[in-house]
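Listed here are the chains, written in short residue letters.
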Amino acid sequence: MSSAPKKIGFLSFGHWMDHPDSQVRSAQDSLLQSIDLAVAVEELGADGAYFRVHHFAQQLGTPAPLLAAVGARTSRIEIGTGVVDMRYSNPLGFAEDIAAADLISGGRIQLGVSRGSPEQVIDGWRYFGFEPDEGETDADMARRHTSGFLRAIEGERFAEPNPRPMFPNPPGLLRVEPHAPGLRQRIWWGAGSDATARWTASEGMNLMSSTLKDDETGEPFHVQQRRQIEAFRDEWAEHDHGFEPRVSVSRSIFAITSEQDRRYFLGGGDRRDQFGSIAGVRSVFGRTYADEPDALVEQLREDEAIAAADTLLLTVPTQLGVEYNAHLIESVLTHVAPELGWR
């Protein structure tokens, strides 16, 4: 499988911890440094700034204000999430917030959504006022919320106007405002299985695949993920969505170019795929790549899923601060990406 130029961005979990060794000790630190890192990587020539969303945790929780702030401070990079747990989201309110952020950014939002992952609390979405309908699972509820969100950002007109409104209405039914043209084609679903990847394609969403998926064949992670990408594209070809889909994968990749890098990463991390169980589902976790640039290039040549994807998201250790994380991304852009034909 040949390599091809790729969009390269970072994926931040936005952790903060009030600890002497952390450079991100508060929620304010996390938010402001997230904006600063996005500005820094745009200056380096990277393509995207993506943020993980977790509730009830010392991580980034509500994405719209952050995406809007990054959009206001940058001019070129894509700005996204990986992923928003739609079990927690009011479809119409979320549509308003994300459309506003997209308009502020000039149409650069690439929004990753999904059912979410194991939570910090039991059924945390209940505290946000949501309950599955009768006969639904929480995963079904996430898809239902997503369907409503997609219809709203498409501009569906459904609301009966008040005959005596505060301001004059256009004729006919009303839609959620503001409306962001083109946003619908920039929605991604985080898929953890081949079946979900096929469903994603049938719904006309781009595919976002991370460093974790259901273990469906026992093969190495990157092989299973490549098969998942193929299943997505095969299903997409059966529909007429009117645009070409995109596929992203995320990886922990650290090019060792300094003694500080060596201390942090060389000899650490999981250098092999890990197999285990999450919520009763057997899963495979992708390995960490950390090595000298030449060795790293050779290892990454063998990653079939990276080769198959058009977008690569580099997970970053945010608690090490903006300057060091910008260095990590620059090392990949400078020493690794050109050698693999990604640049």
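Everything here concerns the structure above.
Keep in mind that what you see is a predicted model, and the values were worked out from it rather than measured. (Residues numbered from 1 in each chain as written. Predicted model: local features only at pLDDT ≥ 70, side-chain atom pairs only at ≥ 80, totals over all residues. Heavy atoms only, no water.)

A. Quick look at the overall build of the protein chain. Scanning the protein chain from terminus to terminus reveals 10 helices and 13 strands. Over its C-alpha trace the protein chain gives a radius of gyration of 20 Å, about what one expects of a compact globule, namely 20 Å for 343 residues. Dimensions of the protein chain, computed from C-alpha atoms along their principal axes, come out at roughly 70 × 40 × 40 Å. One finds the centroid of the 33 positive side-chain charges in the protein chain at a distance of 1 Å from the centroid of its 51 negative side-chain charges. (Helix = DSSP H or I, 4+ residues; strand = E, 2+ residues; numbered from the N terminus. Rg over C-alpha atoms; globule rule 2.2 N^0.38 Å. Lys, Arg positive; Asp, Glu negative; His and termini not counted. Charge placed at Lys NZ, Arg CZ, Asp CG, Glu CD.)

B. Main features of the layout of surface pockets. Its volume calculated, the second largest pocket comes out at about 160 Å³. Around the second largest pocket, the lining comprises 13 residues; the ones closest to its centre are Thr62, Pro63, Tyr88, Ser89 and Phe94. (1 Å grid on protein atoms, 1.4 Å probe; cavity = no way out; pocket = protein on both sides within 12 Å on 5 of 7 lines; lining within 4 Å. Points joined across faces, edges and corners; volume = space filled by probe spheres on them.)

C. Structural detail: the nonpolar core. Membership of the largest hydrophobic core comes to 72 residues, with the highest contact counts inside it found for Leu111 and Phe149. Setting aside its immediate chain neighbours within four residues, leucine 111 contacts Leu67, Thr81, Val84, Phe94, Ile98, Phe149, Arg186, Ile187 and Trp188. Phe254, Ile256, Ala290 and Tyr324 belong to the second-largest nonpolar core, a separate cluster that totals seven residues. (Core = buried A, V, L, I, M, F, W, Y, C linked by side-chain atoms within 4.5 Å. Buried < 20%, exposed > 50% of the residue type's maximum accessible area, 1.4 Å probe, protein only. Contact = heavy atoms within 4.5 Å.)

D. Examining empty space enclosed by the protein more closely. This structure, assessed with the given rule, holds five cavities of 30 Å³ or more. If you add up the space inside the largest cavity, you get close to 90 Å³. Contributions of two or more residues to the lining of the largest cavity are made by α1 (27-44) and α10 (322-336). If one sorts the elements of the lining of the largest cavity by residue count, α1 sits on top with four residues.

E. Main features of the pattern of salt bridges. Within this structure, the stated rule accounts for 27 salt bridges. With a closest N to O distance of 3.1 Å, arginine 184 and glutamate 154 form a salt bridge. Residue arginine 184 is located in the loop between α4 (138-154) and β6 (187-190), and its partner glutamate 154 is located in helix α4; the two are separated by 30 residues in the primary sequence. Judged by relative accessible area, which is 16%, arginine 184 ranks as buried. Linked through salt bridges whose partners overlap, the residues forming this network are Lys7, Glu78, Arg246 and Asp310. (Salt bridge = Lys/Arg side-chain N within 4 Å of Asp/Glu carboxyl O.)

F. Molecular detail of the pairing of β6. Of the two faces of β6, the one lined by Ile187 and Trp189 and the one lined by Trp188 and Gly190 are each fully buried. Relative to β6, strand β5 (residues 109-114) runs parallel, the two being bridged by three bridges. Pairing of leucine 111 across the sheet is with isoleucine 187, part of β6. Tracing the backbone out of β5, into α4 and back to the parallel element β6 gives a crossover that is right-handed. Regarding topology, helix α5 (residues 194-202) serves as the crossover connection from β6 to the parallel strand β7 (residues 206-209), and that connection is right-handed. (Pairing = 2+ DSSP bridges. Right-handed = clockwise from strand over helix to strand, strands pointing away.)

Purely geometric numbers; function is a separate question.
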